[in-house]
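A structural walkthrough
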Amino acid sequence: MINEKMEKAFLEQINAELFSEYLYLSMKAYFANLNLTGFVNWMDVQVQEERAHAMGMFDYLLERGGKVVLEKIEKPESNWNSPLDVFKAVLKHEEYITSRINALMDVAEETKDRAALAFLNWYLKEQVEEEANVSGVLAQLEMIGEDKNGLLALDKELAARTFVAPVIG
Ligand code: FEO
């Protein structure tokens, strides 16, 4: 049976992952309005990944005999000034999620929950990948600047991203 403190921390993180899904859904809508279909695809993959992250913890908590109580999800931002502005927000958000995973691991250490710690290692590695991936797109957007052809070329590139259901844990 999972410790109450650890359970609470997992529940808060499930909410944060579901908020991430909601935020990227909002960004997907922003790009859809700009007719940037490759960016829409990139965000769609991101949305699916966040749902998978949330469900990984959801299933794990149940497996450990915990109780899943869902809370309301915060309203995401819906206005950005440019694709660059969006990706700056994505990186900031992913850095925040990384700090949350680290804090979750602190709780696992505090409560001597080695099983949770081992489980969370997957999320820690995933965050390294997420930040690298987002930083790559952000760097390209910074290079592109106001060049519309550059933006369209990047849009084409982002159309190739596909969702692969992760094996978590
Ligand atoms: Fe679930 Fe993008 O972190």
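The structure this text deals with has already been given above.
Numbering of residues starts from 1 in every chain and runs along the sequence as written. Owing to the predicted nature of the model, reporting of local features is limited to residues with pLDDT of at least 70; listing and counting of side-chain atom pairs is limited to 80 or more, with chain, interface and lining totals taken over all residues. To get the side-chain values, all heavy atoms of the structure are used, and hydrogens and water are removed first.

**Here's the deal with the overall build of the protein**
Test applied: Each helix corresponds to a stretch of at least 4 residues labelled H or I by DSSP, and each strand to a stretch of at least 2 residues labelled E; elements are numbered beginning at the N terminus. It is over C-alpha atoms that the radius of gyration is taken, and the globule rule equals 2.2 Å times the number of residues to the power 0.38. The cut-offs for exposure are 20% and 50% of the maximum accessible area for each residue type, with area from a 1.4 Å probe on protein chains only; residues under the lower value are buried, those over the upper are exposed, and the others partly exposed.
Helix and strand counts for the protein come out as five helices and zero strands. Counting from the amino terminus, helix and strand elements in the protein follow one another as α-α-α-α-α. Over its C-alpha atoms the protein spans a radius of gyration of 17 Å, differing by no more than 12% from the 15 Å that the globule rule assigns to 169 residues. C-alpha atoms of the protein, sized along the principal axes, occupy 55 × 25 × 25 Å. Looking at the protein residue by residue over its 169 residues, the buried ones come to 45%.

**A few points about the side chain of Glu-49**
The test is simple: Any two residues whose heavy atoms approach within 4.5 Å at even a single point are treated as in contact.
Within the fold, Glu-49 resides in helix α2 (residues 37-63). Residues contacting Glu-49, with those up to four places away along its chain left out, are Glu-126, Glu-130, Arg-161 and Phe-163.

**A few points about the pattern of salt bridges**
Going by this rule: Definition used for salt bridges: Asp or Glu carboxyl oxygen within 4 Å of a side-chain nitrogen of Lys or Arg.
In total, this model carries six salt bridges according to the counting rule given. The salt bridge involving Lys-28 is made with Asp-44; its shortest N-O contact spans 2.9 Å. With Lys-28 in helix α1 (residues 4-33) and Asp-44 in helix α2, this residue pair connects regions lying 16 residues apart in the sequence. Relative accessible area serves as the criterion here: at 24%, Lys-28 is assigned to the partly exposed category. Among the residues examined, Asp-44 registers a relative accessible area of 25% and is labelled partly exposed. Across the pair Glu-49 and Arg-161 runs a salt bridge, and its minimum N-O distance is 3.6 Å. Taken together, the residues span a long stretch of sequence, with Glu-49 in helix α2 and Arg-161 in the segment after α5 (148-158) at a distance of 112 residues. Here Arg-161 falls in the buried class, since its relative accessible area comes to 16%.

**Some details on the environment of Thr-162**
As for its position among the elements, Thr-162 is in the segment after α5. The class of Thr-162 is exposed, set by a relative accessible area of 59%. Taking the C-alpha atoms as reference, Thr-162 lies 33 Å from Arg-114; in sequence the two are 48 residues apart.

**Thoughts on the side chain of Ser-26**
By the secondary structure assignment, Ser-26 is in helix α1. With residues up to four places along the chain from it excluded, the contact list for Ser-26 reads Pro-76, Glu-77, Ser-78 and Trp-80.

**Considering α5**
Defined as follows: Working note: the arc is built from the helix axis to C-beta atom directions.
Inspection of α5 places Gly-150, Leu-151, Leu-154, Asp-155 and Leu-158 among the buried residues, and these make up the whole buried set. All buried residues of α5 fall inside an arc of 140 degrees around its axis, so they share one side. For α5, exposure combined with an orientation more than 90 degrees from the buried face picks out Asn-149, Leu-152 and Lys-156. Residues of α5 that are buried make contact with α2, α3 (83-110) and α4 (114-144).

**Digging into the environment of Asn-149**
Within the fold, Asn-149 resides in helix α5. Asn-149 sits 114 residues away from Asn-35 along the chain, and the two C-alpha atoms are 14 Å apart.

**Quick look at the nonpolar core**
The line we're drawing: Among the buried residues, those of types Ala, Val, Leu, Ile, Met, Phe, Trp, Tyr and Cys that are joined through side-chain atoms within 4.5 Å form a nonpolar core.
In this structure, Phe-31, Phe-39, Met-43, Val-86 and Phe-87 are the most contacted members of the largest nonpolar core, which totals 25 residues. Here Val-86 is in contact with Met-27, Tyr-30, Phe-31, Met-43 and Trp-80, once residues within four sequence places are set aside. Formed by 23 residues, the second largest nonpolar core is a distinct cluster that contains Met-6, Phe-10, Ala-54 and Ala-116.

**Here's the deal with the packing of aromatic side chains**
We apply this condition: Ring pairs are drawn from Phe, Tyr and Trp, using the six-membered ring of Trp, whenever the two centres fall within 6.5 Å, and their geometry is named by plane angle: stacked under 30 degrees, edge-to-face over 60, tilted for the rest.
In the structure shown here, the tally under the stated rule is eleven aromatic pairs. Taken together, a centroid distance of 5.6 Å and an interplanar angle of 55 degrees make the contact between Phe-10 and Tyr-60 tilted. On the criterion of sequence distance, the pair formed by Phe-10 in helix α1 and Tyr-60 in helix α2 is long-range, its members being 50 residues apart. A relative accessible area of 0% places Phe-10 in the buried class. When the ring of Phe-119 is compared with that of Tyr-123, the centres are 5.5 Å apart and the planes differ by 55 degrees; the resulting orientation is tilted. Residue Phe-119 and its partner Tyr-123 are located together in helix α4, separated by four residues, close to a single helical turn. Tyr-123 carries the same exposure label as Phe-119, and that label is buried.

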